[in-house]
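One letter stands for each residue in the lines below.
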Amino acid sequence: MEASTSARAKVAAAVAASDARAEPTPFSLELSDDQRVVRDWTHGFAEQVVRPAAAEWDEREETPWPIIQEAAKIGLYGFEAIAQFWADPSGLTLPIVNEELFWGDAGIGMSIMGTTLAVAGIYAAGTPDQLVEWVPQCYGTPEDPEVAAFCVSEPDAGSDVSSLRTRARYDEASDEWVLNGQKAWATNGGIANVHVIVASVDPELGARGQSAFVVPPGTKGLEMGTKVKKHGLRASHTADVFLDDCRLPGSCLLGGKDRLEERLARAREGTRAKKQAAMQTFELSRPTVAAQALGVARAAYEYALDYAKQRVQFGRPIIENQAIAFALADMKMEIDAVRLLIWRAAWMGRTGQAFDAAEGSMSKLKAGEVAVWVTERAIQILGGNGYTREYPVERMHRDAKIYTIFEGTSEIQRLVIARAISGLQIQ
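Analysis parameters
Residues numbered from 1 in each chain as written. Predicted model: local features only at pLDDT ≥ 70, side-chain atom pairs only at ≥ 80, totals over all residues. Heavy atoms only, no water. Axes fitted to C-alpha atoms, helices over the stretch in contact; angles between N-to-C directions. Helix = DSSP H or I, 4+ residues; strand = E, 2+ residues; numbered from the N terminus. Parallel < 35°, antiparallel > 145°, perpendicular 65-115°, else oblique. Left-handed = near helix turned anticlockwise from the far one by under 90°. Nonpolar A, V, L, I, M, F, W, Y, C, P; charged D, E, K, R; others polar. Phe/Tyr/Trp six-rings, centres within 6.5 Å; stacked < 30°, edge-to-face > 60°. Buried < 20%, exposed > 50% of the residue type's maximum accessible area, 1.4 Å probe, protein only. Lys NZ or Arg CZ within 6 Å of the ring centre and 35° of its normal. Core = buried A, V, L, I, M, F, W, Y, C linked by side-chain atoms within 4.5 Å. Contact = heavy atoms within 4.5 Å. Salt bridge = Lys/Arg side-chain N within 4 Å of Asp/Glu carboxyl O. Disulfide = S-S within 2.5 Å. Patch = residues over 30% accessible without salt bridge, like charges linked within 9 Å, V, L, I, M, F, W, Y side chains within 5 Å. Areas by Shrake-Rupley, 256 points an atom, 1.4 Å probe, with all protein chains shown as cover. Arc of directions from axis to C-beta.

Remarks on the packing of helix α11 (residues 322–350) against helix α12 (residues 359–382)
Inference 1: For the pair α11 and α12, the least separation of the axes is 9 Å and the interaxial angle reads 160 degrees. What the angle tells us is that α11 and α12 run roughly antiparallel. When the axes of α11 and α12 are compared, the crossing they make is left-handed.
Inference 2: Taken together, the residues that form the contact of α11 with α12 break down as 17 nonpolar, two polar and six charged.

What about the packing of aromatic side chains?
Inference 1: Here the structure, examined in full by the defined rule, presents seven aromatic pairs.
Inference 2: Each ring, one from Tyr77 and one from Tyr139, has its centre 4.9 Å from the other, and the planes form 75 degrees; the classification is edge-to-face. Placement of the pair is Tyr77 in the loop between α3 (65–73) and α4 (79–87) and Tyr139 in helix α8 (residues 128–139), with a sequence separation of 62 residues. Considered together, Tyr77 and Tyr139 belong to a single accessibility category, that of buried residues.
Inference 3: Plain terms: the ring middles of Tyr307 and Tyr391 are 6.2 Å apart, the flat faces sit at 90 degrees to each other, and that makes the pair edge-to-face. Linking Tyr307 in helix α10 (residues 277–310) with Tyr391 in the loop between α12 and α13 (393–400), this pair joins segments that are 84 residues apart in sequence.
Inference 4: Accessibility expressed as a relative area gives 24% for Tyr391, which makes it partly exposed.
Inference 5: Among the aromatic side chains, those forming a connected cluster through ring pairs are Tyr170, Trp177 and Phe213.
Inference 6: When the ring centre of Trp103 is taken as reference, the NZ or CZ atom of Arg51 above it lies at 3.6 Å.

So, the nonpolar core
One broad rule of soluble globular proteins: the nonpolar side chains tend to lie buried together.
Inference 1: Counting residues in each nonpolar core, the largest one holds 112 residues, and the members touching the most others are Leu101, Ile112, Leu328 and Ile381.
Inference 2: If one sorts the elements of this core by residue count, α10 sits on top with 14 residues.
Inference 3: Aside from chain neighbours lying at most four places away, what touches Ile381 is Ala304, Tyr307, Ala308, Ile318, Ile324, Ala327, Leu328 and Met331.

Here's the deal with the packing of helix α7 (residues 115–125) against α8
Inference 1: Orientation of α7 relative to α8, taken along the N-to-C sense of each, is 175 degrees, at an axis distance of 10 Å. The pairing of α7 with α8 is recorded here as roughly antiparallel in orientation. Where α7 abuts α8, its residues Thr115, Thr116, Val119, Ile122 and Tyr123 lie against Gln130, Leu131, Trp134, Val135, Cys138 and Tyr139.
Inference 2: Tallied by class, the residues present in the contact of α7 with α8 amount to eight nonpolar, three polar and no charged.

Section: the pattern of salt bridges
Inference 1: Taken as a whole and judged by the stated rule, the model has 25 salt bridges.
Inference 2: When the shortest N-O distance is used, the salt bridge between Arg60 and Glu56 registers 2.9 Å. Of this pair, Arg60 and Glu56 both sit in helix α2 (residues 33–60), separated by four residues, roughly a single helical turn.
Inference 3: Residue Arg60 is classed as partly exposed on the basis of its relative accessible area, which comes to 39%.
Inference 4: Ionic pairing is found between Glu369 and Arg414, a salt bridge with its closest N-O pair at 2.9 Å. In this pair, Glu369 is assigned in helix α12 and Arg414 in helix α14 (residues 410–422), connecting sequence segments 45 residues apart.

Topic: the environment of Gly126
Inference 1: Looking at the element boundaries, Gly126 is found in the loop between α7 and α8.
Inference 2: On the basis of relative accessible area, Gly126 is assigned to the buried category, the value being 13%.
Inference 3: Dropping the residues within four chain positions of it, Gly126 is found in contact with Gly121, Leu254, Gly255 and Arg259.

Things to note about the state of the cysteines
Inference 1: One pass over the full model with this rule turns up zero disulfides.
Inference 2: Free of any disulfide, Cys246 has its nearest neighbouring cysteine sulfur in Cys252, separated by 9.2 Å.

Description of a nonpolar patch on the surface
Inference 1: Where nonpolar side chains cluster on the molecular surface, the patch consists of Phe27, Leu29 and Leu340 and spans about 340 Å² of accessible area.
Inference 2: Here Leu29 shows up in the loop between α1 (2–21) and α2.
Inference 3: Its relative accessible area of 48% is what places Leu29 among the partly exposed residues.

Quick look at α13
Inference 1: With respect to burial, α13 is a largely interior element, seven of its eight residues being buried.
Inference 2: Of all the residues in α13, the buried ones are Val393, Glu394, Arg395, Met396, Arg398, Asp399 and Ala400.

Let's talk about unusual backbone geometry
Inference 1: Backbone geometry at Asn188 places phi at a positive 70 degrees, although glycine is not the residue there.
Inference 2: One can find Asn188 in the loop between β3 (176–187) and β4 (194–200).
Inference 3: For Leu233, which is not glycine, the phi dihedral falls at a positive 45 degrees.
Inference 4: Along the chain, Leu233 falls in the loop between β6 (222–227) and β7 (238–249).

Quick notes on α4
What sets the pattern is the α-helix's 3.6 residues per turn: residues three or four places apart point alike.
Inference 1: All of the buried residues along α4 are Ala81, Ile82 and Phe85. Looking straight down α4, one finds that the buried residues subtend no more than 95 degrees of arc, so they occupy a single side.
Inference 2: Those residues of α4 that are buried lie in contact with α2, α5 (93–104), α7 and α8.

Below is the structure:
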């Protein structure tokens with residue numbers, strides 16, 4: 001008894017000493033006041049403006065300019081907004097905003113956030129002067145908003161970015177770049193005020209011979225091709241872009257000619273490469289794209305949860321059945337796990353941490369697959385109602401699928417992760 005009392009006293013003393021020495025831990029998952037304000041503000045816009053209009057714009061398959069303008073007027077769309085979101089030193093504000101917007105609707109969300117991919121392309125490859133010049137033009141003004149497009153994929157170059165056929169030739173006499181080729185699957189392609197084009201300068205170098213260019217508004221030689229009629233994200237404009245002797249001032253080469261020449265020289269010498277233009281942009285954007293998929297998944301889960309509490313079969317709400325309750329439990333668990341992967345990747349990217357294990361790809365891969373799975377489960381929980389357009393989960397399911405395809409398919413994400421963790425050039 002005496003020994004036991006002595007042991008308890010020692011433990012109590014150790015705890016007291018520990019408490020006295022305790023300092024605030026640097027690790028916390030609690031959002032800051034600013035982050036919570038932005039989250040709630042964005043959620044309010046998504047709930048009051050985006051979600052009520054979702055079905056209409058999905059059916060119309062048109063860019064929802066009135067909603068983009070409304071977002072611009074309240075300060076949610078514009079270069080000041082993206083600068084504020086990106087300025088968060090934790091890296092979390094931009095994913096938080098995307099999750100809330102896409103919780104409202106993915107198609108409208110993409111029409112608002114699609115411009116950020118072009119902005120990421122300018123940020124990844126451009127000089128400070130180019131950022132100042134071009135990013136505001138990507139957004140226009142609150143009274144007359146514009147959108148921007150990032151054009152990489154081609155009819156014969158999707159996952160294989162190294163095989164791009166679009167060519168950029170330098171005309172020394174006029175100090176102009178001349179672009180020729182075709183881009184496919186371009187969000188805002190052809191309707192954008194500013195297009196960012198990834199083209200090959202030296203085809204023999206593959207991806208290392210590519211660079212990114214800004215095509216200013218009204219440039220001759222750039223034309224919109226066929227607008228794509230899509231399975232999901234129907235409120236977001238997607239089209240081919242044709243470049244026919246499209247002449248650009250030399251200053252439109254992102255990063256400048258000197259930096260390009262240095263990079264090409266290193267590639268010809270066989271020096272280890274840094275990221276190519278397209279991959280730099282995708283690496284920056286993957287946690288944000290993952291947050292979009294997360295928003296879709298969360299919306300479907302919440303709708304299915306509410307439905308299961310209200311839907312009565314065999315004399316009781318269907319959530320009282322283990323089959324339904326367990327499915328919802330798994331949905332919630334996967335959604336929360338995805339958010340943690342996204343927040344980790346966003347923090348790493350913002351603070352300059354190396355993605356040694358392809359953490360950005362992990363977040364994108366997991367989020368896309370969870371979004372598809374959760375929305376499919378939501379349809380199953382709603383039964384026949386879930387399969388009809390009278391209920392939103394069928395639209396959410398259609399919207400979710402693209403997140404296992406664009407900005408790196410699930411297969412490519414697994415390849416990136418496998419190469420990162422193994423140190424081998426897995427094929």
